[in-house]
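# Chain and residue survey
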Amino acid sequence: IPNSVHTLIASMKNLQSTLTLWSTSRASPDAVSDAYMQFGVGFNAVVWAFEGSGVDTSDLHQIPTRLRAVLETCLGEDPCPAALEMYQPRIRQQLYELLQGLKAKQGAWRSAVAAGL
């Protein structure tokens, strides 16, 4: 699980940096979409890892959908720093909720791992 979480966090950072590049017309909407897809793969890997250890993650399942909705609305704007600034708080909120949710799952995962040993 730690490796999966690390990969997910890296994909979150990549998504944010790609959005910043998009806002200055140095990345296309397709590049942002690709970064989001990479995030989705990382998210699914983390969910599968937690679920495989018996840790429920159903409270996190809607975060990628909410994030995608904000990204789609953002990308509907002309690329500029002001557009990103307008949507950045909502994007960060979704990523923050995900990180907090993962942090809350750590104890249950550690307990599950300890019980399995």
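In what follows, the accompanying structure is described.

Attention now goes to the overall build of the protein chain. A count of helices and strands for the protein chain gives 4 helices and 0 strands. Ordering the α and β elements of the protein chain from the N terminus gives α-α-α-α. By principal-axis analysis of the C-alpha atoms, the protein chain measures approximately 55 × 20 × 15 Å. In the protein chain, buried positions account for 36% of the 117 residues. Once local pairs closer than 6 in sequence are excluded, the contacts in the protein chain between residues at least 24 apart make up 71%. Counting 9 positive and 10 negative side-chain charges, the protein chain places the centres of these two groups 9 Å from one another.

A full pass over the atoms with the stated rule returns 3 salt bridges. When the shortest N-O distance is used, the salt bridge between Asp59 and Lys105 registers 2.8 Å. Here the residue Asp59 occupies a position in the loop between α2 (29–52) and α3 (63–75), and Lys105 occupies one in helix α4 (residues 81–116), the gap between them amounting to 46 residues. Since its relative accessible area comes to 49%, Asp59 is described here as partly exposed. Note that Glu72 is salt-bridged to Arg68, the shortest N-O span being 2.8 Å. Here the residue Glu72 and the residue Arg68 both occupy positions in helix α3, the gap between them amounting to 4 residues, near one helical turn. Glu72 gets classed as partly exposed once you look at its relative accessible area, which sits at 47%.

Attention shifts here to the layout of surface pockets. In this approach the atoms are scanned with a rolling probe the size of a water molecule, which exposes any empty space left behind. Considering only enclosed or pocket space, the largest pocket measures out at about 180 Å³ in volume. Secondary structure elements with two or more residues in the lining of the largest pocket: α1 (2–23) and α4. Of the residues belonging to the lining of the largest pocket, the class tally is 8 nonpolar, 1 polar and 2 charged.

Between α3 and α4, the shortest axis-to-axis distance is 10 Å and the interhelical angle comes to 170 degrees. Considering their axes alone, α3 and α4 lie roughly antiparallel with respect to each other. The residues of α4 that touch α3, namely those facing Ile63, Arg66, Leu67, Val70, Leu71, Thr73 and Cys74, are Ala83, Leu84, Tyr87, Arg90, Ile91, Gln94, Leu95, Glu97 and Leu98. Partitioning the contact of α3 with α4 into residue classes produces 11 nonpolar, 2 polar and 3 charged.

Thresholds applied
- Every residue gets a number counted from 1 within its own chain, in the order that chain's sequence is written.
- Residues qualify for local features only when their pLDDT is at least 70, as the model is predicted, and side-chain atom pairs are given and counted only at 80 or more; totals for whole chains, interfaces and linings, by contrast, use all residues.
- Processing note: side-chain calculations cover all non-hydrogen atoms of the structure and skip hydrogens and water entirely.
- Numbered from the N terminus, helices here are DSSP runs of H or I no shorter than four residues, and strands are runs of E no shorter than two.
- Exposure classes here rest on a 1.4 Å probe applied to the protein chains alone. A residue is buried below 20% of its type maximum, exposed above 50%, and partly exposed in between.
- Residues are treated as being in contact if the distance between any of their heavy atoms lies within 4.5 Å.
- Think of it this way: Lys and Arg go in the positive column, Asp and Glu in the negative one, and His and the chain ends go nowhere.
- The atom standing in for a charge is NZ when the residue is Lys, CZ when it is Arg, CG when it is Asp and CD when it is Glu.
- By convention in these notes, a salt bridge is any Lys or Arg side-chain nitrogen within 4 Å of a carboxyl oxygen on Asp or Glu.
- The rule is simple: put a 1 Å grid over the protein atoms alone, call a set of points where a 1.4 Å probe fits but cannot get out a cavity, call an open set with protein on both sides within 12 Å along at least five of seven lines a pocket, and count a residue as lining if it has an atom within 4 Å of a point.
- Grid points are joined across faces, edges and corners, and a volume is the space filled by probe spheres set on the points.
- Side-chain classes follow a simple rule in which Ala, Val, Leu, Ile, Met, Phe, Trp, Tyr, Cys and Pro form the nonpolar group, Asp, Glu, Lys and Arg form the charged group, and the remainder, Gly included, forms the polar group.
- For helices, the axis comes from a line fit to the C-alpha atoms of the stretch in contact; other axes are also lines fit to C-alpha atoms, and the angle between any two N-to-C directions lies between 0 and 180 degrees.
- Any angle that falls under 35 degrees is termed roughly parallel, while one over 145 is termed roughly antiparallel, one within 65 to 115 roughly perpendicular, and all others oblique.

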